[in-house]
Amino acid sequence: MKKSLFSIFALMAMLVAFTSCEKDEVENTATVEMAGEWHVHVSAMINGEEVDPDWFGDGNYNITTSNTAANVANEMWLVDATCYYFPYQVRIDVNPSNLTFNSATDSENLFGGGNYGGETVTISDGKIIKNGATTPSGMPADYIEFYVSFSDDPFPGAYGVDAKYKVSGFRYTGFVDDE
């Protein structure tokens, strides 16, 4: 009896061991090349020239790009939840073959709040350049750049800056030296 119980236990242990070794194939999202966390800053522009590399005084901070629930290659989310003055979340159209992106003009800001909440957002001339940046630690990283404008932005009229701001930076590395 003990021998048959031992045999049954050994057989069950082998079955568990074999089935637990099976690995599911993990697939990437449709926007894997463009999705990520980015370490950026916001610059003010006058006549298309950068005049203030930290317009809102936020310093460098992180934004994210990620796939939508549809997981298709031609659209993503762009989320800037850190910027104090104009946080935004907007769906952007992407072209993964040349790593460019834009939003529709006056896209709804889905972030839902902030000091000027309810505005619409326009993202233009977005691009990602593979290994196009050098991080503060001296390592190469992907570069991101785009222009953002807001429908209810009071700063252009008050300060004479362009109605769009340049957002640029590099793919977040997580290394302390790159903060």
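These numbers were taken from a predicted model, which means no experiment stands behind them. (Residues numbered from 1 in each chain as written. Predicted model: local features only at pLDDT ≥ 70, side-chain atom pairs only at ≥ 80, totals over all residues. Heavy atoms only, no water.)

Caption draft 1: Molecular detail of the overall build of the protein. Check the secondary structure of the protein and you find two helices and ten strands. Classification of the 179 residues of the protein by burial places 36% in the buried group. Put simply, of all contacts in the protein between residues at least 6 apart along the chain, 51% involve residues at least 24 apart. For the protein, the exposed surface amounts to about 10,300 Å²; the carbon and sulfur share of it is 55%. (Helix = DSSP H or I, 4+ residues; strand = E, 2+ residues; numbered from the N terminus. Buried < 20%, exposed > 50% of the residue type's maximum accessible area, 1.4 Å probe, protein only. Contact = heavy atoms within 4.5 Å. Areas by Shrake-Rupley, 256 points an atom, 1.4 Å probe, with all protein chains shown as cover.)

Caption draft 2: Broad picture of the nonpolar core. Judged by nonpolar contacts, the single largest core of 27 residues is most densely connected at Tyr-88, Phe-101, Ile-123, Phe-146 and Val-148. Those elements that place two or more of their residues in this core are strand 1 (36-46), strand 3 (61-67), strand 4 (75-80), strand 5 (88-95), strand 8 (120-134), strand 9 (140-150) and strand 10 (165-171). Beyond its immediate chain neighbours, meaning those up to four positions away, Val-148 contacts Tyr-88, Val-121, Thr-122, Ile-123, Ala-163, Lys-164, Tyr-165 and Val-167. (Core = buried A, V, L, I, M, F, W, Y, C linked by side-chain atoms within 4.5 Å.)

Caption draft 3: Highlighting the pattern of salt bridges. Inspection of the entire model under this criterion finds eight salt bridges. We note a salt bridge from Arg-91 to Asp-93, for which the minimum N-O separation is 2.7 Å. Exposure remark for Arg-91: the relative accessible area of 33% places this residue in the partly exposed category. Residue classification places Asp-93 among the partly exposed residues on the basis of a relative accessible area of 36%. Salt bridges sharing common partners tie together Glu-33, Lys-130, Asp-142 and Arg-171. (Salt bridge = Lys/Arg side-chain N within 4 Å of Asp/Glu carboxyl O.)

Caption draft 4: Structural detail: the side chain of Asp-80. Tracing the backbone shows Asp-80 in strand 4. Despite its burial, Asp-80 remains without a salt bridge, the nearest opposite charge being carried by Lys-166 at 15 Å. At 2.9 Å, the side chain of Asp-80 forms a polar contact with the side chain of Tyr-61. Those residues within four positions of Asp-80 in sequence are excluded, and the remaining contacts are Tyr-61, Ile-63, Pro-87 and Tyr-88. (Lys, Arg positive; Asp, Glu negative; His and termini not counted. Polar contact = N/O pair within 3.5 Å; in protein donor to acceptor, adjacent residues only side chain to side chain.)

Caption draft 5: Here's a closer look at the environment of Ala-44. You can see Ala-44 is positioned in strand 1. Look at Ala-44 and you get buried, because its relative accessible area is 0%. Not counting residues up to four positions away in its chain, the partners in contact with Ala-44 are Glu-49, Glu-50, Val-51, Asp-52, Trp-55, Val-161 and Tyr-165.

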